[in-house]
Amino acid sequence: MNQDLSYERYHRQVILPGFGEQGQRQLADAHVLVIGAGGLGCPALQYLVAAGVGHVGIADDDVVSLSNLHRQVLYTTDDIGKKKAEVAAQKLQQLNPGVVFTTYTERWQQQHCLDFFGAYDIIVDGTDNFATRYLINDACVLLNKPLVYGAVSQFEGQVAVFNASLPDGSRSVNYRHLFPQPPKADEIRNCAEAGVLGVLPGIIGMMQATEVIKLITGIGQPLVNQLLTYDALRQTVFTVALPPATAQAQGVPVDTGAFLQTNYEWLCGVMLDASLEISFGELKQMPHETYLLVDVRERHEQPRLTGFERIEIPMAELETNWDVMEGRQVIFICQSGKRSMQAALRLKEKFPEGEVYSVRGGVGGMMNGELGIRNEE
């Protein structure tokens, strides 16, 4: 073995039954793209790089923030404000200098899939929103790429291998077979809204890395046509068998042209109107007597707002409280800005002449060094 594949680095892996030098060479030759260098992507990247995957792509347009650090342990306080993909590549290069990294710091779109997926053997989904999950899945189906899926929320996580090549030449189930109907924008909350136990993404991300290594080397039985669910509160794991794919999943674009024309934000109900957005700074400058601030989060969500006169009307109760808002200048706020935007659009539809806004980034956008929030026990 050459210097990069030396026993000194990989000895305890190479001596495994059924793995050997051949498995290590397969890892060294592999190209893996991890989309999302956050809670799932960080542990997946760390263990894939440590294992010796030779070519690793890292795609993330976000920057490190203080609220990331309880679960994204690849980063430190000194990294706040820096591009995640670039910081991750620099630190992982120190972990294993023999790995070749490619970083993508633009927001991942359809054209990126068509331009770059061809260079990779396996795609790892470390994202946290449904629009991007459906986008990545559809691209993998169209381009015949296996997809290692992971998701977390609060105390529970899921892992699966989608669109893998089967011995008979067919492909395993994909994300759309499991979830054919995209959720509405305010139906399922992400980690910024629902919260997540810090260790959970680490566990699920390492499981994703395990599935990638199994796919590359051929060891074990990957989670093909299966969905693994992990419950951190009970330390239980159960796996559900998924029926083999007998037909094309509903909703997958028929070709790359249709794929490029698909509006995934609209598909998942994420409707945006920039004219209805205001920043937290703009909100602070407005005289409080001129507007009605409506917090549409659930009443248990933290942190709570202080220093603002507001009312609390969870999204589920909006339909019975329009009269409170009629004729007022209304500003909605939530945890991330998504539910508040949906509330603003609904109120605008109800009262087209009304003046309505949504606070961009929500309460989560205020977390880093801003005043006006507190946690309640």
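Heads up: the structure comes first, above all this text.
The sections below set out a description of the structure shown in this document.

What counts, and where the lines are drawn
- Residues numbered from 1 in each chain as written.
- Predicted model: local features only at pLDDT ≥ 70, side-chain atom pairs only at ≥ 80, totals over all residues.
- Heavy atoms only, no water.
- Pairing = 2+ DSSP bridges.
- Helix = DSSP H or I, 4+ residues; strand = E, 2+ residues; numbered from the N terminus.
- Contact = heavy atoms within 4.5 Å.
- Axes fitted to C-alpha atoms, helices over the stretch in contact; angles between N-to-C directions.
- Salt bridge = Lys/Arg side-chain N within 4 Å of Asp/Glu carboxyl O.
- Buried < 20%, exposed > 50% of the residue type's maximum accessible area, 1.4 Å probe, protein only.

### As for the sheet that holds strand 9 (residues 277–278)
Piece 1. Sheet architecture is open: 5 strands sit in the order 9-14-13-10-12, paired in parallel fashion. The outermost strands of the open sheet, each flanked by one partner alone, are strand 9 and strand 12 (310–312).
Piece 2. Where strand 9 and strand 14 (residues 356–359) come together, 2 bridges link them in parallel fashion. Paired with I278 across the strands is V359, a residue of strand 14.
Piece 3. On top of the sheet, helix 14 (residues 338–350) reaches strand 9, strand 13 (330–333) and strand 14; it is set at about 175° to strand 14, its chief contact.

### Remarks on the pattern of salt bridges
Piece 1. Summed over all chains, the structure comprises 11 salt bridges.
Piece 2. Salt-bridge contacts for D79 lead to K91; the nearest nitrogen and oxygen are separated by 2.4 Å. Of this pair, D79 sits in the loop between strand 2 (55–59) and helix 4 (84–95) while K91 sits in helix 4, placing them 12 residues apart in sequence.
Piece 3. Residue classification places D79 among the buried residues on the basis of a relative accessible area of 6%.
Piece 4. By relative accessible area, which is 24% here, K91 ends up partly exposed.
Piece 5. D138 is paired through a salt bridge with R176; the nearest N and O atoms lie 2.7 Å apart. Of this pair, D138 sits in helix 6 (residues 130–143) while R176 is found in helix 7 (residues 175–178), placing the two residues 38 residues apart along the sequence.
Piece 6. Take R176: its relative accessible area is 4%, and that puts it in the buried class.

### Comments concerning the environment of L114
Piece 1. Mapped onto the elements, L114 comes out in helix 5 (residues 110–116).
Piece 2. Take L114: its relative accessible area is 26%, and that puts it in the partly exposed class.
Piece 3. Separated by 66 residues in the primary sequence, L114 and P180 have C-alpha atoms spaced 23 Å apart.
Piece 4. If sequence neighbours within four positions are ignored, L114 has contacts with L143, T256, F259 and L260.

### Description of the side chain of N96
Piece 1. Within the fold, N96 resides in the loop between helix 4 and strand 3 (100–104).
Piece 2. Judged by relative accessible area, N96 falls into the buried class, the value being 3%.
Piece 3. With residues near it in sequence (within four places) discarded, N96 still touches R9, Y10, V49, A50 and G52.

Read these as geometric descriptors, not functional statements.
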